[in-house]
Amino acid sequence: MDELRQKYLGAIADAADEPALEELRLQAVGKKGEVSLKMRELGRMTPEERQEMGPKLNALKDEINSALAAKKAALADAALNERLRAEWLDVTLPGRPRRQGTIHPVSQVTDEITAIFADMGFSVAEGPQIESDWFNFDALNIPPEHPARQEHDTFFMSRAEGDHRPPHVLRTHTSPVQIRAMQETGAPIRVIAPGRVYRCDYDQTHTPMFHQVEGLAIGRDISMANLKWVLEEFCRAFFEVEGVELRFRASHFPFTEPSAEVDIRCSWADGSLKIGEGDDWMEILGSGMVHPKVLSAAGVDPSQWQGFAFGIGIDRLAMLKYGIPDLRAFFDSDLRWLRHYGFSALDVPTLQGGLSA
Ligand code: 2U9
């Protein structure tokens, strides 16, 4: 009896895990376990022997069962402690910094321009970037033999073999959007058309894709005077210069008559540009009264309606406002480059308290 007790209590104390413990339970107190077999032997004993051995065996069985339960609990405790140790997490460590994106400067400037014209009653129109040559050229009073077609450095789309219709083009300006807008809604109309345009050109001041915003206002008696006010109002708001001064120089575009290029007063001191002061002038946009032929092409009767149009290069405007010298910085470069030129809108706080990458 004592031997059994020693054997099992010792083995239970030494058991390494639950399966070993279960094995011991079967060996000791399972149906065919040693203690159970001993209990079965009670039947063959004398009543006196049974009286003595019965309670002892029962006590042994109870003792083994309690030892098994205690050891099982101890093993579970140890396993939990080991998990808590291994899976420990330092919640006070700082988070991993993430690179964060920002709105592209050209998109930001487009939004600024759109908001200013929206305040003056202009809605926004959009159109396809692949255009027919009629919408891109003919409707704008640029017939096939017109030299302006060459000046536009047009990208032509290819046609299928044997298809001799004139090829489509990547739009060279957003003017076709306004032709479409006039065809759809007629006059009166006040729209701007911001978007991508394409010309086959690449140097410090030209990229093959750039952005324009063009404006159009058609009414019964809209004049150059209205054009001047709208453009002055725009420049005052965009460059944040109160008494902004503009200079209108006579020019020529096929789609406007008369036409004017518009310069803004500026100064170049120590290589840095200041808008709105000084003795220099810088060209910022083109404009004019919409040519009667253009109105006719768009289905608007030029004997009843007239108005102005203008075109602005958005990328160039963004460069002027934020002092970026090379247009290619917008498309070839990385953010460090733009930040170098002080494009402060890039400095967006991150959730980690620093500035975005
Ligand atoms: C319609 C009729 C007339 C839009 C105009 C200009 C003058 C102009 C340039 C500015 C910088 C192009 O991006 S740029 O190089 N644009 O000088 N654009 S008048 O005239 C229109 C437009 C639409 C129906």
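The shown structure was predicted, so the numbers you read here are calculated from the model rather than taken from an experiment.

Asker: Would you take a moment to explain the overall build of the protein for this structure?
Answerer: The number of helices and strands found in the protein is 13 helices and ten strands. The C-alpha radius of gyration of the protein comes to 43 Å, more than 25% above the 21 Å expected for a compact globule of 357 residues. Judged by the C-alpha coordinates and their principal axes, the protein covers about 135 × 60 × 40 Å. Counting every position in the protein, which comprises 357 residues, the buried fraction comes to 40%. By sequence separation, contacts in the protein at least 24 residues apart represent 61% of the contacts at least 6 residues apart. If you average the places of the 39 positive and of the 54 negative side-chain charges in the protein, the two averages end up 9 Å apart.

Asker: Can you help me understand the site of the ligand in this one?
Answerer: Every one of the 18 residues lining the ligand counts as a neighbour, but Q212, E214, F253, G286 and G311 are closest to it. One of the side-chain N or O atoms of Q212 is found 2.8 Å from an oxygen atom in the ligand. Interatomic distance of 3.4 Å between a backbone N/O atom of G311 and a nitrogen atom of the ligand. Surface burial for the ligand is 87%, taken as the share of its 560 Å² of free accessible area covered by protein chains.

Asker: Help me understand helix α4 (residues 47–86) in this model?
Answerer: For the α-helix, the turn length of 3.6 residues means that residues three or four positions removed from each other point alike. Relative to the 58 Å expected for 40 residues at 1.5 Å per residue, α4 spans 58 Å between its end C-alpha atoms, a close match to the ideal helical length. Considering bend angle alone, the principal kink of α4 is centred on M53 and spans about 25°; proline P55 follows within four residues of it. Those residues of α4 lying buried are G54, L57, L60, I64, L68, K71 and L75.

Asker: Is there a simple way to explain the packing of helix α2 (residues 18–29) against α4 in this structure?
Answerer: In a pair of packed helices, the angle between the axes and the distance between the axes together describe the arrangement. Relative orientation of the contacting elements α2 and α4 amounts to 175°, with a least axis distance of 10 Å. As far as their axial angle goes, α4 and α2 are roughly antiparallel. Contacts between α2 and α4 involve E18, L21, R25, A28 and V29 from the first element and K61, I64, N65, L68, K71, K72 and L75 from the second. For the contact of α2 with α4, a count of residues per class yields six nonpolar, one polar and five charged.

Asker: Can you help me understand the pairing of strand β5 (residues 209–219) in this one?
Answerer: Regular strands show a simple pattern: their side chains alternate between the two faces of the sheet. With eleven of its eleven residues buried, β5 lies for the most part within the structure. Side chains M209, H211, V213, G215, A217 and G219 of β5 all project onto a buried face; the interleaved residues F210, Q212, E214, L216 and I218 project onto the opposite face, where all are buried too. Across ten bridges, strand β4 (residues 189–198) lies against β5 in antiparallel orientation. Within β5, the position partnered with V191 by the bridge is L216. Two elements, β5 and strand β10 (residues 306–313), share eight bridges in a ladder whose sense is antiparallel. Pairing of L216 across the sheet is with A309, part of β10.

Asker: Could you clarify how one ought to interpret the side chain of N136 in this entry?
Answerer: Tracing the sequence through the fold places N136 in helix α6 (residues 133–136). Excluding its chain neighbours within four sequence positions, the residues that come into contact with N136 are E131, V169, R171, T172, H173 and P176.

Asker: Explanation requested: helix α8 (residues 175–185) in the structure shown.
Answerer: For α8, the set of buried residues is S175, P176, V177, Q178, I179, A181 and M182. In this structure, the buried side of α8 is in contact with β2 (130–131), α6, β4, β5 and α10 (292–297). Residue G186 follows α8 closely and has a positive phi angle near 70°.

Asker: Any chance you could explain the packing of aromatic side chains here in plain terms?
Answerer: A ring pair, where both rings are aromatic, is described by two values, the distance of the centres and the angle of the planes. In total, this model carries eight aromatic pairs according to the counting rule given. Relative to F238, the ring of F234 lies with its centre 5.6 Å away and its plane at 20°, an arrangement referred to as stacked. Separated by four residues within a single helix, F234 and F238 lie in helix α9 (residues 224–239), roughly one turn from each other. By the burial criterion, F234 is buried, and F238 matches it. On the numbers, 5.9 Å between centres and 5° between planes, the contact of F253 with F255 is stacked. Taken individually, F253 and F255 each receive the classification buried, so the pair is uniform in this respect. Site record: aromatic cluster; members linked through ring pairs are F117, F122, F234, F238, F239, F308 and F310. Here R180 stacks its cationic end above the ring of F135, 3.9 Å away from the centre of that ring.

Calculation rules
Residues numbered from 1 in each chain as written. Predicted model: local features only at pLDDT ≥ 70, side-chain atom pairs only at ≥ 80, totals over all residues. Heavy atoms only, no water. Helix = DSSP H or I, 4+ residues; strand = E, 2+ residues; numbered from the N terminus. Rg over C-alpha atoms; globule rule 2.2 N^0.38 Å. Buried < 20%, exposed > 50% of the residue type's maximum accessible area, 1.4 Å probe, protein only. Contact = heavy atoms within 4.5 Å. Lys, Arg positive; Asp, Glu negative; His and termini not counted. Charge placed at Lys NZ, Arg CZ, Asp CG, Glu CD. Near = heavy atom within 4 Å. Polar contact = N/O pair within 3.5 Å; in protein donor to acceptor, adjacent residues only side chain to side chain. Areas by Shrake-Rupley, 256 points an atom, 1.4 Å probe, with all protein chains shown as cover. Expected span 1.5 Å × (residues − 1). Bend = angle between axes of the 7 residues up to and from the residue. Axes fitted to C-alpha atoms, helices over the stretch in contact; angles between N-to-C directions. Parallel < 35°, antiparallel > 145°, perpendicular 65-115°, else oblique. Nonpolar A, V, L, I, M, F, W, Y, C, P; charged D, E, K, R; others polar. Pairing = 2+ DSSP bridges. Phe/Tyr/Trp six-rings, centres within 6.5 Å; stacked < 30°, edge-to-face > 60°. Lys NZ or Arg CZ within 6 Å of the ring centre and 35° of its normal.

Fair warning: the whole summary comes from geometry, so function is off the table for now.
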